[in-house]
Amino acid sequence: MGQVIKDSPAAEPRFKARGVDKHFGPVQALTQVDLDLYAGQVTALCGDNGAGKSVLTKCIAGIYEIDHGQFFWEGNPVHVRSPRDAARLGIETVYQDLALADNLDIVQNMFLGRERLRSGLLNEDDMERAATKTLADLRVTTVRSIRQPVASLSGGQRQSVAVAKAVMWNSKLVMLDEPTAALGVVQTKMVLDLVRRLRDRGLAVMVISHNLNDVFEVADRIAVVHLGRLVTQGPASDFDRQSVVDYMTTGASSRSGPRTDADGATSGTR
Amino acid sequence: MARAEAPETAPDPTAAAEAATLEVPPELVAQSLGEWFRAWLTRIRSGDSGVLPVILALVIITIVFQAISPHNVFLSAGNLVNLFQQSAVFIVLAMGELFVILLGEIDLSIGYAGGVGAAVTVQLVQPATTKWPWWAAVLAGLLVCVVIGALQGTLVTRLRLSSLIVTLAGLLIWQGTMLIVLGLAFSGYPSLAGLDSNRQVLYNLMNGTIDPVISWIGAAVVVLAIAALLWFGDSRRRRSGLVAPPVSLTLLKIVLIAIVATSVVAICNINRAAFGTQEGVPWVIPIVLAVFAVWMTILQRTRFGRYVYAIGGNPEAARRAGINLAAIRTLCFIICTFTAGIGLLLYASYLGGMSGNINGGQLVLYAIASVVLAGTSLFGGRGKVIHGILGGLVIGGIYNGMGLLGLDVRWQFIVTGLVLLVAITIDSLSRRSATSGSAARV
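Residues numbered from 1 in each chain as written. Chains lettered and ligands numbered in written order. Predicted model: local features only at pLDDT ≥ 70, side-chain atom pairs only at ≥ 80, totals over all residues.

### Things to note about the overall build of chain A
Secondary structure assignment for chain A yields nine helices and twelve strands. Residues counted as buried form 50% of the 270 residues belonging to chain A. A sequence separation of at least 24 residues applies to 65% of the contacts in chain A between residues at least 6 apart. (Helix = DSSP H or I, 4+ residues; strand = E, 2+ residues; numbered from the N terminus. Buried ≥ 20, exposed ≤ 12 C-beta atoms within 10 Å, placed from the backbone. Contact = placed C-beta atoms within 7 Å.)

### Points about the confidence of the model for chain B
Any residue range with low pLDDT should be treated as having predicted coordinates unsuitable for detailed reading. Residue and element names in this part refer to chain B. For chain B, the average pLDDT comes to 86, and 88% of its residues sit at 70 or higher. Within the model, the stretch residues 1–23 combines pLDDT values under 50 with 34 contacts to residues more than four positions away or in other chains. A low-confidence stretch, residues 436–442 stays under pLDDT 50, and its non-local contacts, those more than four residues away or across chains, total ten contacts. Two numbers describe this predicted complex: its pTM, 0.86, and its ipTM, 0.83. (pLDDT = per-residue confidence, 0-100.)

### Observations concerning the sheet that holds strand 1 (residues 15–24) of chain A
Hydrogen bonds between backbone atoms are what pair the strands of a sheet, whose relative direction is either parallel or antiparallel. Residues and elements named next belong to chain A. In spatial order, the strands read 2-1-4-5; together these four strands make up an open sheet with antiparallel pairing. The two strands at the open ends of the sheet, each matched to only one other strand, are strand 2 (27–37) and strand 5 (76–78). Each neighbouring strand pair of the sheet contributes to a mean axis angle of 30 degrees, computed without reference to strand direction. Strand direction decides the pairing type here: strand 1 and strand 2, joined by seven bridges, are antiparallel. Bridging across to strand 2, alanine 17 finds its partner in leucine 35. Where helix 1 (residues 53–60) meets the sheet, it contacts strand 1 and strand 2, and its direction lies at approximately 65 degrees from that of strand 2. (Pairing = 2+ DSSP bridges. Axes fitted to C-alpha atoms, helices over the stretch in contact; angles between N-to-C directions.)

### Some thoughts on the pairing of strand 11 (residues 221–226) of chain A
Residue and element names in this part refer to chain A. The element strand 11 is extensively covered by neighbouring structure, given that six of its six residues are classed as buried. Here strand 3 (residues 42–47) pairs with strand 11 via five bridges, running parallel. The residue bridging alanine 44 from the neighbouring strand is isoleucine 222, located in strand 11. Note: strand 11 against strand 12 (residues 229–235), six bridges, orientation antiparallel. Residue pairing for strand 12: alanine 223 is matched across the bridge by glutamine 233.

### Notes on the pairing of strand 9 (residues 173–177) of chain A
Residue and element names in this part refer to chain A. In terms of burial, strand 9 is largely enclosed, as five of its five residues are buried. Because side chains alternate across strand 9, one face comprises the buried residues Leu173, Met175 and Asp177, and the other comprises Val174 and Leu176, equally buried. By the bridge criterion, four bridges tie strand 6 (residues 91–94) to strand 9 in an arrangement that is parallel. Across the sheet, threonine 93 pairs through a bridge with methionine 175, a residue of strand 9. Considered for its hand, the β-α-β crossover made up of strand 9, helix 6 (residues 185–200) and strand 10 (residues 204–208) is right-handed. (Right-handed = clockwise from strand over helix to strand, strands pointing away.)

### As for the sheet that holds strand 3 of chain A
Residues and elements named next belong to chain A. Strand order in the open sheet formed by six strands is 6-9-10-3-11-12, with mixed pairing between adjacent strands. Only two strands of the sheet have a single partner each, and these edge strands are strand 6 and strand 12. Direction aside, the axes of adjacent strands within the sheet are offset by 15 degrees on average. Relative to strand 10, strand 3 is paired through four bridges, and the arrangement is parallel. Within the sheet, the bridge partner assigned to alanine 44 lies in strand 10 and is valine 207. Contacts from helix 6 reach strand 3, strand 9 and strand 10, with the element oriented near 150 degrees to strand 10.

### Description of the domain arrangement of chain B
Residues and elements named next belong to chain B. Segmenting chain B into domains produces domain 1 (50–207 + 301–434) and domain 2 (209–281). Averaged C-alpha coordinates put domain 1 and domain 2 at centres separated by 25 Å. In this assembly, four residues from domain 1 lie in contact with four residues from domain 2. Grouping the constituent residues of the side of domain 1 that touches domain 2 by class yields three nonpolar, one polar and no charged. (Domains from an automatic or database assignment. Nonpolar A, V, L, I, M, F, W, Y, C, P; charged D, E, K, R; others polar.)

### Description of helix 3 (residues 52–68) of chain B
All names here are of chain B. For helix 3, which comprises 17 residues, the first-to-last C-alpha distance of 24 Å matches the rise-based estimate of 24 Å (1.5 Å per residue) to within 8%. Within the sequence span of helix 3, burial applies to Val54, Ala57 and Phe65. Buried residues of helix 3, viewed axially, fall in a sector of 45 degrees; they line one side. Seen from the buried face of helix 3, the exposed residues on the opposite side, beyond 90 degrees, are Leu56, Val59, Ile60, Ile63 and Ala67. Against helix 15 (360–373) and helix 16 (385–404) lie the buried residues of helix 3. (Expected span 1.5 Å × (residues − 1). Arc of directions from axis to C-beta.)

### As for helix 4 (residues 124–137) of chain A
Residue and element names in this part refer to chain A. Under the 1.5 Å per step criterion, the end-to-end length of helix 4 is 20 Å for 14 residues, consistent within 8% with the ideal 20 Å. Turning to helix 4, its buried residues are Glu124, Glu128, Ala131 and Leu135. In a view along the axis of helix 4, the buried residues occupy a sector of 70 degrees, so they form one face of it. Exposed residues pointing more than 90 degrees away from the buried face of helix 4 are listed as Lys133 and Ala136. Looking at the buried side of helix 4, the elements it contacts are helix 3 (106–110), strand 8 (121–122) and helix 5 (155–167). Positioned one or two residues after helix 4, arginine 139 has a phi angle of 55 degrees, which is positive.

This is the structure we're talking about:
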């Protein structure tokens, strides 16, 4: 495994994975992965294409069941065998395709599958109020009407709705898969601000990203997977761009210690 | 499935803000009737015209057939009531077909699948043989339709067969089955015409009329009930600061509904018999409205309905939301054939019996054309129950007009085909312009 890096000050990670293996037939997708995700911190999960980022995410989300190893939730061992198990713990995932129905409006999408009822019929008023409140809390203010169909939203707005949908359910860990991949500069900023607000609300956030600009912009911690192994994790301040790229491409880095590039300004605001 | 993709490039902030304001359906933020009306016009100009084309089509059909029908008989009370009765069959079939079309599937079999149900019902009430009470026979017929729908729906959802092929096979299978059921009669085709009160009930579904005074009272009760629902619902939402239409729009809707109801009752209450009296609202109108009200409530106000739209819009999103896709889809196929059973029962009542000559293939194409003409998308996810009524009236109008002109079955086939072609062309073009429109916006 990679270098030993001092853990962050938080006492116990909200979520821990220890010795996780996952294979698909003969293909070993994950090998002995240890991962820590802390409350109130944004962890960036980096890795090249096919490194195992998505498999790891889907294991945590309960879409795949792990072969070996153990997950811990707030210190207690847990089994996550289905998305329902994950949801029960408070784990929500925003996939890259967002999984929004274009023909439904924002409220309908946010409550899809968990609609509130009153005497058997949909309680639209109640749902609209709750959705409005969640969006306001997250300061997603650019949508003009909460009743507009999702098809009419911009990319950043759609991403925001997907995130709001995920955090609506008292979730404690939110995983975002490439949240800025398809977005322009303005909308990327909007989504990264939203990610920071999730952290400030005390959620554990994991962001999967290729984009090192975004990673250093928003991450408190960085974890890198390479060929199915988690080669390093630690506070973002212990990395710089070159070391992350080294870990992503070779699984090791000759560089270490505090970053020296211009991103220091960002970490100063925290 | 093609979906509008997120924008690739970074627009400057002002352009982005401007685009965002342009994208909102303008009616949603309108504060007054004038504002709402202008917003509506903007939306029509941008290609998303809602039910406007189908209402225009109704007007044009009325004007054309009134002008060219012999003795300008099209708008006579007698013909209009006949038109309502003919349309009722198309409307009910269309409201059933809507459920599978919303999923992005299709059911070609409903003409004959419903025909099997109607044949069973009509056979069971025959006084010479089984003598079932009419309600038991109706339940049995509809139960047969439910079984057929469950069968086809299971094949489509569990075995993942194409609904087009499964129901195309069904079209043939149920036609044969219907002929077998009809062949069980001891002589000729089973009839609903008879003096026994049991068969009379089924005959009256289409041909019976409600006393004019009771018609007026019933219409008033229905209009008042709808008005109260609309008014209190909208004002409650306005008070709570939720998205709601302006007061004047709510009033406009209520007034329109009152006008339509008054006109229909007034037309039906004109004596339309050449000799003696024949007046009053046919039973079939409240029957159709009841089916409409139930299906609309289910689609708009229940979880099941919400999931139907979600599956039509993005099945993957629905699956991830924990929705049981197979169950919802199968249920839609069941509702579709069940409703078709009601439709064909009305048709049997209209014909005064069940005949092996009914053209179930033409009926299903009319049903599909009805909803698609009125704005339901064959690609799934977009459509309303009211589309069945509006589109069914258009198709009923064309069908009725062709009858008045004395066009024979050859021309009816050609016109059926053309109408369907026009309907799907409108659907595809509007879909294309909507997609290119959203691409242009971002």
